[in-house]
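# Inside the fold
Spelled out, the chains give:
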Amino acid sequence: MSKQTGVNMLHLHENSVGGSTALHPTLIWDDEAAVLIDTGMPGSWERIRTAMLEAGVSPAKLKAVILTHQDFDHIGSVPEIIAEAGQAKVYAHKLDQPYIEGTLPLIKTSPEAMAPLLEMLPEEERQKAIDLFGNPPKAKVDHTLDDGDELPYGGGIRVIHTPGHTDGHISLYLVQSKTLVAGDALICVNGTLQGPVARATLDMEEAQRSLAKLLDYEIESVICYHGGFSDQKVKEQLEQIAK
């Protein structure tokens, strides 16, 4: 995506338990401030920082880090980011706040949740997973968000509460560019949108109901954290998925 639009989909290639994956945080900026939506795995900040500089955006302009939900691969680099860019405030939905702050264990990567996977891994991989997930990243949520809230960055960022993947999952509608930052409410496969991944979604029925809310918005393009960008017949795709 062109940096002149003030919206850049970032590309992070991560090696984690079970193999490598690509993650897509979103960078938004205007003349006054920059916003990062989701943060990759622990250790991703240096690559995000480099991507920001390549887009002509100084980390000193970062005013907000918006977390679409509590999952490890979305909150992973928040502590590193806040350590360097202390002026940035963390935003998340109030229902996922206690997990992000560490008051409650992350639902999907708690020791209990991880136990079946750990049993299947070879010893070396099992230890890597224990080391990785045993001390999850934590960050203070400075501002809680709810459905319909609008943040005054980059021409307006509207919050859409899309529960199902987690109770506090949100998607973000970028008003100026008519772009949906879906988080994990949708995935993209070779430019084609699909609904959330069932095995990673806490409540598929609620996740499906959440998709219907997206039809209320004039969406011309979608950024999915898993799978990337889609801008072809988006309205028709969403109508089909939301059935």
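Above this text you will find the structure in question.
These notes cover the structure that comes with them. Owing to the predicted nature of the structure, the values given are computational and were not obtained by experimental measurement. Sequence positions are assigned chain by chain, starting from 1 and proceeding in written order. Per-residue local features of the predicted model are confined to residues with pLDDT of at least 70, and side-chain atom pairs are confined, for both listing and counting, to 80 or more; whole-chain, interface and lining totals are unaffected and use all residues. Each side-chain value is worked out from all heavy atoms of the structure, with water and hydrogens disregarded.

This part is about the overall build of the chain. Only DSSP runs of H or I reaching four residues or more are called helices, and only runs of E reaching two or more are called strands; each is numbered from the N terminus. Within the chain, the regular secondary structure consists of 8 helices and 16 strands. Relative to a compact globule of 243 residues, whose C-alpha radius of gyration would be 18 Å, the chain shows 17 Å and is just as compact. Overall, the C-alpha framework of the chain stretches about 50 × 45 × 30 Å when taken along its three principal axes. Relative accessibility decides the category of a residue: with a 1.4 Å probe and only protein chains considered, values under 20% of the type maximum give buried, values over 50% give exposed, and everything between is partly exposed. When each of the 243 residues of the chain is scored for burial, the buried share is 49%. Here a residue-residue contact requires only that any non-hydrogen atoms of the pair lie within 4.5 Å. In the chain, of all internal contacts separated by at least 6 residues, the share reaching a separation of at least 24 is 65%. For the chain, the accessible area works out to roughly 11200 Å², and carbon and sulfur atoms hold 51% of it. Only four residue types enter the tally: Lys and Arg on the positive side, Asp and Glu on the negative side; His and the chain ends are excluded. A charge is said to be at NZ when it belongs to Lys, at CZ for Arg, at CG for Asp and at CD for Glu. Each charge class in the chain was averaged separately, 20 positive and 35 negative side chains, and the resulting centres sit 3 Å apart. Between the two quantities, the radius of gyration covers C-alpha atoms and the globule rule is 2.2 Å times the number of residues to the power 0.38. Note that accessible areas follow from Shrake-Rupley with a 1.4 Å probe, and for residues the cover is restricted to the protein chains shown.

Turning to helix H8 (residues 234-241), a few remarks are in order. Regarding H8, the residues found buried are Val 234, Gln 237, Leu 238 and Ile 241. Taken down its axis, H8 places every buried residue within 95° of arc, on the same side. Exposed positions of H8 whose direction lies more than 90 degrees from the buried face are Lys 235 and Gln 240. Here the arc refers to the set of directions running from the helix axis out to each C-beta atom.

In terms of residue burial, strand E10 (residues 157-161) counts as a mostly covered element, since 4 of its 5 residues are buried. Count of turn residues in the strand E9 (residues 150-151)/E10 antiparallel hairpin: 5 residues, of which Gly 154 carries a positive phi of about 55°. Across 5 bridges, E10 lies against strand E11 (residues 170-174) in antiparallel orientation. For Val 159, the partnering residue across the bridge sits in E11 and is Leu 172. The pairing criterion for strands is at least two bridges between them, as found by DSSP.

Assignment of secondary structure puts Gly 43 in the loop between strand E5 (34-37) and helix H1 (45-54). A relative accessible area of 42% places Gly 43 in the partly exposed class. C-alpha separation for the pair Gly 43 and Tyr 99, spaced 56 residues apart in sequence, amounts to 20 Å. Leaving out residues up to four positions away in the same chain, Gly 43 has contacts with Ser 77 and Glu 80.

So, about empty space enclosed by the protein. With a 1 Å grid spanning the protein atoms alone, the term cavity applies to any set of points in which a 1.4 Å probe fits but cannot get out, the term pocket to an open set with protein on both sides within 12 Å along at least five of seven lines, and the term lining residue to any residue with an atom within 4 Å of a point. Grid points are joined across faces, edges and corners, and a volume is the space filled by probe spheres set on the points. Following the criterion strictly, the structure yields 1 cavity of 30 Å³ or more and no others. Considering only enclosed or pocket space, the largest cavity measures out at about 40 Å³ in volume. Taken together, Thr 162, Pro 163, His 165, Asp 184, Ala 185, Pro 196, Ala 207, Ser 210 and Leu 211 make up the full set of residues lining the largest cavity. When residues are sorted by character, Ala, Val, Leu, Ile, Met, Phe, Trp, Tyr, Cys and Pro go into the nonpolar class, Asp, Glu, Lys and Arg into the charged class, and all the rest, Gly among them, into the polar class. Each residue belonging to the lining of the largest cavity can be placed in one class, and the counts come to 5 nonpolar, 3 polar and 1 charged.

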